[in-house]
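Examining the three-dimensional arrangement
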Amino acid sequence: MNNLTVSLSSFAAYRASRFTVRIVKDGTSRDSFVAAAAIETNLECDILRAGGLLPLILRKSRE
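Residues numbered from 1 in each chain as written. Predicted model: local features only at pLDDT ≥ 70, side-chain atom pairs only at ≥ 80, totals over all residues. Heavy atoms only, no water.

This part is about the overall build of the protein. Looking only at helices and strands, the protein features three helices and three strands. Each helix and strand of the protein, placed in order from N terminus to C terminus, yields the pattern β-α-β-β-α-α. Long-range contacts, defined as pairs at least 24 residues apart, comprise 19% of the intrachain contacts of the protein with a sequence gap of at least 6. Of the roughly 4,900 Å² that the protein leaves accessible, carbon and sulfur atoms contribute 54%. (Helix = DSSP H or I, 4+ residues; strand = E, 2+ residues; numbered from the N terminus. Contact = heavy atoms within 4.5 Å. Areas by Shrake-Rupley, 256 points an atom, 1.4 Å probe, with all protein chains shown as cover.)

This is the structure:
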């Protein structure tokens, strides 16, 4: 089974327009790059922190 994880640097604390994206596959770091984003609301921060809209909805439904 392949496990793919994409993690973001601490964008929420600074609402930075640039952040580092790190891609990890099967526990091994594969790649990283700097990306730009327009994060304008707390909801957008929550969506990114959760790993996407669907994971956020599922997490909130369990609360």
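Once you've had a look at it, read on.
Take the environment of Ala50 next. Counting through the fold element by element, Ala50 comes out in helix α2 (residues 42–50). Residue classification places Ala50 among the buried positions, given a relative accessible area of 9%. (Buried < 20%, exposed > 50% of the residue type's maximum accessible area, 1.4 Å probe, protein only.)

Per-residue confidence for the protein gives a mean pLDDT of 75, with 73% of residues at or over 70. The weakest mean pLDDT in the protein belongs to helix α1 (residues 11–14) at 48; the strongest belongs to helix α3 (residues 53–61) at 92. (pLDDT = per-residue confidence, 0-100.)

Here the focus is the environment of Ala36. With respect to the helices, strands and loops of the structure, Ala36 is situated in strand β3 (residues 28–36). Among the residues examined, Ala36 registers a relative accessible area of 60% and is labelled exposed. In this structure, the C-alpha to C-alpha distance between Ala36 and Phe19, residues 17 residues apart in sequence, is 6.5 Å.

In this structure the tally under the stated criterion is one salt bridge. Here Arg49 ties to Asp46 by a salt bridge, and the two come within 2.9 Å at their closest N and O atoms. Pair noted here: Arg49 and Asp46 are both in helix α2, with a separation of three residues, about one helical turn. (Salt bridge = Lys/Arg side-chain N within 4 Å of Asp/Glu carboxyl O.)

Consecutive side chains along a regular strand alternate between the two faces of the sheet. Judged from the eight bridges that link them, strand β2 (residues 18–25) and β3 form a sheet pairing that is antiparallel. Paired with Ile23 across the two strands is Asp31, which belongs to β3. (Pairing = 2+ DSSP bridges.)

Right, let's talk about a nonpolar patch on the surface for a bit. On the surface, Leu53, Leu54, Ile57 and Leu58 cluster together to form a nonpolar patch covering roughly 400 Å² of accessible area. Positionally, Leu54 belongs in helix α3. With a relative accessible area of 57%, Leu54 lands in the exposed category. (Patch = residues over 30% accessible without salt bridge, like charges linked within 9 Å, V, L, I, M, F, W, Y side chains within 5 Å.)

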